[in-house]
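# Notes for the structure review
These are the residues of each chain, in order.
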Amino acid sequence: MKDKKDIYVLGIESSCDDTCAAVVANGRDILSNLVSSQNEIHKKYGGVVPEVASRRHIEMIDIVIMEALEKAGIGLEAIDAISVTNRPGLIGSLLVGVGAAKAISYAAGIPLIAVNHLEAHLYSNLLENPKTSGGFLGLIVSGGHSSLYLVDEEWNIKKVGHTVDDAAGEAFDKIARYLSLGYPGGPVIDRLAADGDEDLIEFPRPMMESGDFNFSFSGLKTALIYRTQCDSHSISDNINATL
Amino acid sequence: MHILSIDSTTKKLSVIISRDGKVISKVSRGSDRNYMEMIMGDIDDALKRACVNIRGIDAFGVNLGPGDFTGTRIGISIIKTLGWVLNKPVYGINALDIFASGIASSNPDFINSNIDSNIQAIIAPCLDVRKGELYYCLYSVAGDEKGDNKNTVANIIIGRKSYKISRMSGRHLVSADAFLNDLSINLKKVMDGADTRIIFGGNGIESYGEKFSAFTADNERYLLDKNNIFPVPEFLDLCVSHYSSNKDIPEKINPVYVREFIPFGK
C-alpha cells in the first residue's frame, strides 16, 4: 500500500531502440521496470536503424506503460509525477515516448518532467547504491556517448570530458560489424578479449597525454580496419579460430 | 456524443471536435514547427472553443496514414494514450477512407445523377506514396437502404438523402505506370462489366497529373476531382462518427505503412 508520504513516479524512456517504462517509489525503490528490447530486430543490420526503431516503439509504447503500472500494482491515480526522456536520442524514437507522456499528463492531470537521459544515467546510481551522495566523477559509456561528468555535493552536474569523435560503443559496434561478429559488438569483443593476447598487436591509444579529459576512438577503429586489410594472416581468421 | 480527432499525417496539423456528428470546434494550421510542440496546446484550444473538458470526450479518432512517418506517429501516440487513460474507444482511420468521404461529399452532382440513372458511382482516392507508386482503393456510393454495412466507412448526406460510402476493393499499391491496367483488373473483379462512373481524387492525381489527364480526358466514365488533394479533418470526423455509432470494436491503432521499411535499400 502507498503511504501518504511516498512519491511515485512513472518513468518513460524511448530514446534509442528499447521501449521502457518503470514505476519508482521515492526515487529509490523500483516497483516495476519493463523493457521491450529491439536487439533481435536490429541485430541483422549491425546497429540501430532509426525508422525501424520508431515503428516498433509506436506498437509497444502503451503496452509497456500499462504493464509497468500493472506490475507495480497501482493505477495512474497513485502516480505523483511522470518523467520522460526528451533528449538526447533518436528524434523519431524520442517523440513516441514524449507523446505518450504528454497525453497521460494532460488527461490524468499529473505533472510531467522532461529528463536528459545522460543525467538519468548519473542518477541511476542511487537505485543500485541508495546511499550514493553527491561529489563523484561519473563515466557514461554507450553506443552514443562517452563522457565524464563531475557531480558536486548538491548534485550539480558538469561535463568535464567527452569523446571528440566516435563513442566507445559505436567503435565496438562498427568493428564488430566489420569483423562479422554480430550485434551488439561490445559484449562479443569483451568476451573474445578475455582470451586474447594483449601484446600481439600494438594499436594506437590516442589522447592519453592530451592533458584534458577527452577521448578518441575512431583512430582505434580505423587502425584495426587497416590492419585487417593489409595483414597476411588477418585478425578475422584469428578471431574465427578463437570462436 | 463528443468526438475528438487528430490528423498529423501531412504538413497541416488538425484537431477537430464534433458533437453528435456536427463539428463544433477545429484548430487546423500548417507549420514548420515540430508538431510535438504544438499538439497538446492545439488540443487544449479546440476543447476550450468547444466548451468541453477532455473528460467529456466519448471517443477519439486519428488518421493512421499513410503519411509522414514521424508526424503520423506523433498523432497516434497521443490519441491512443488519451483513449487508454480516459478509458474511451479510439478509432484509427486509413487515409484512403477519409479521402473517399471527402471526394463523395464534394461531388453531389456526380453521385445524384449516376444513382438516378442506375449507374454505379465509384470513388477512387489515389495517394502518391513515393517511389513512383500509387496507393488506391475503390469505394461504392449507395443509398442508405442498400449497400454493404460491413465495409462502410462513412455516411454522407447530400440534399436530404443519406448515402453509404463502402470499400469495394482491397487497398492496392501499384507503380504509377501500371495503374490503369491494375485499375481495370480490379474494376472487372468488383463490377463484372456493369456500367460504372469513377471519380478520382487524392494527391496522386496531382503528382501524376499528366497521366490522369490523359486517360480521363476523352472518357466520359472518368472524372477528376482536383480539389481533394489533402485529407480534410471534417471527413476524418465523419469516418470516426460512423465507426463509433456502429460500435465497431476498434482495430489496433498503429500507423499504416504501405511497404516494409528496408534499411540501406537492401
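All residue numbers refer to positions counted from 1 along the written sequence of the respective chain. Note on labels: chains are lettered from A, ligands numbered from 1, in written order. Reporting in this predicted model follows two pLDDT cut-offs: at least 70 for local features of residues, and 80 or more for side-chain atom pairs to be given and counted; totals over whole chains, interfaces and linings ignore these cut-offs and use all residues. The side-chain figures draw on all heavy atoms in the structure; neither hydrogens nor water molecules are used.

## A word on the interface of chain A and chain B
- Taken residue by residue, the interface counts 26 residues in chain A and 31 residues in chain B.
- Reported buried area values correspond to the accessible surface (1.4 Å probe) lost by two parts on association, with both partners' losses combined. Buried area between chain A and chain B, both sides added, is near 2500 Å², and the carbon and sulfur share of it is 72%.
- For the chain A face of the interface with chain B, the top three residues by lost area are Arg 55, Ile 58 and Tyr 106 of chain A, together amounting to 28%.
- With a shortest N-O distance of 2.8 Å, Glu 51 of chain A and Arg 73 of chain B are connected by a salt bridge.
- Contacts described as polar in this section are N or O atom pairs within 3.5 Å, which, within protein, must combine one atom able to donate a hydrogen with one able to accept it, while residues neighboring in sequence count only if both atoms come from side chains. Where chain A packs against chain B, one counts 6 residue pairs in polar contact (both at pLDDT 80 or more). Residue contacts are defined here by distance: any two heavy atoms, one from each residue, within 4.5 Å place the two residues in contact. Take a side-chain nitrogen of Lys or Arg and a carboxyl oxygen of Asp or Glu: if they are within 4 Å of each other, that pair is a salt bridge.

## Digging into the sheet that holds strand E5 (residues 90-94) of chain B
All names here are of chain B.
- By the convention used here, strands pair only if DSSP detects at least 2 bridges between them. What counts as a helix is a DSSP run of H or I of at least four residues, what counts as a strand is a run of E of at least two, and both are numbered from the N terminus. Reading across the sheet, the 5 strands line up as E3-E2-E1-E4-E5 and stay open at both edges, with mixed pairing between neighbours. A strand with exactly one partner marks an edge of an open sheet, and here the two such strands are strand E3 (22-30) and E5. Each adjacent strand pair in this sheet contributes to an overall mean axis angle of 15°, direction not counted.
- Alignment of strand E4 (residues 59-65) against E5, held across 5 bridges, turns out to be parallel. Across the sheet, Phe 60 pairs through a bridge with Val 90, a residue of E5. Angles here are taken between N-to-C directions and fall from 0 to 180 degrees, while the axes themselves are lines fitted to C-alpha atoms, restricted in helices to the stretch in contact.

## So, the pairing of strand E6 (residues 120-128) of chain B
All names here are of chain B.
- Within E6, 7 of the 9 residues are buried, which leaves it mostly tucked inside the rest of the structure.
- Bridge analysis of E6 against strand E12 (residues 196-201) gives 6 bridges, and the strand direction is parallel. In the strand pairing of E12, Ile 122 is matched with Ile 198.
- Alignment of E6 against strand E8 (residues 139-143), held across 2 bridges, turns out to be antiparallel. Counterpart to Ile 123 in the pairing with E8 is Tyr 139.
- In this structure, E6 lies alongside strand E7 (residues 133-136), joined through 3 bridges in antiparallel fashion. Type-normalised accessible area, obtained with a 1.4 Å probe on protein chains alone, sets the label of each residue: buried when under 20%, exposed when over 50%, and partly exposed for intermediate values.

## Observations concerning the domain arrangement of chain A
All names here are of chain A.
- The assigned domain composition of chain A is domain 1 (8-125) and domain 2 (133-242).
- The domain limits used here are those given by an automatic or database domain assignment. A C-alpha centroid distance of 28 Å is found between domain 1 and domain 2.
- Taken together, the 16 residues of domain 1 in the interface contact 11 residues of domain 2.
- Summed over both partners, the interface of domain 1 with domain 2 buries about 1200 Å², with 72% contributed by carbon and sulfur atoms.
- On the surface where domain 1 and domain 2 come into contact, there are 0 salt bridges.
- In this structure, the connection of domain 1 to domain 2 is made through 0 residue pairs in polar contact (both at pLDDT 80 or more).
- Of all elements in the fold, only helix H1 (39-43) and helix H4 (117-123) reach the threshold of two or more residues within the side of domain 1 that touches domain 2.
- At 6 residues, H4 tops the list of elements feeding residues into the side of domain 1 that touches domain 2.
- Classification convention: Asp, Glu, Lys, Arg as charged; Ala, Val, Leu, Ile, Met, Phe, Trp, Tyr, Cys, Pro as nonpolar; all other residues, Gly among them, as polar. Along the lines of polarity and charge, the residues of the side of domain 1 that touches domain 2 split into 6 nonpolar, 7 polar and 3 charged.

## Observations concerning the nonpolar core
- Among the buried residues, those of types Ala, Val, Leu, Ile, Met, Phe, Trp, Tyr and Cys that are joined through side-chain atoms within 4.5 Å form a nonpolar core. If you look at the biggest cluster of nonpolar residues, it comprises 94 residues, and the most contacted ones within it are Ile 79 of chain A together with Leu 4 and Ile 43 of chain B.
- Broken down by element, the residue count for this core peaks at 9 residues, all from helix H1 (residues 35-50) of chain B.
- Dropping the residues within four chain positions of it, Ile 43 of chain B is found in contact with Tyr 106 of chain A together with Leu 4, Ile 6, Val 15, Ile 78 and Leu 82 of chain B.
- Cys 126, Leu 134, Ile 198 and Ile 229 of chain B belong to the second largest nonpolar core, which has 21 residues in total.

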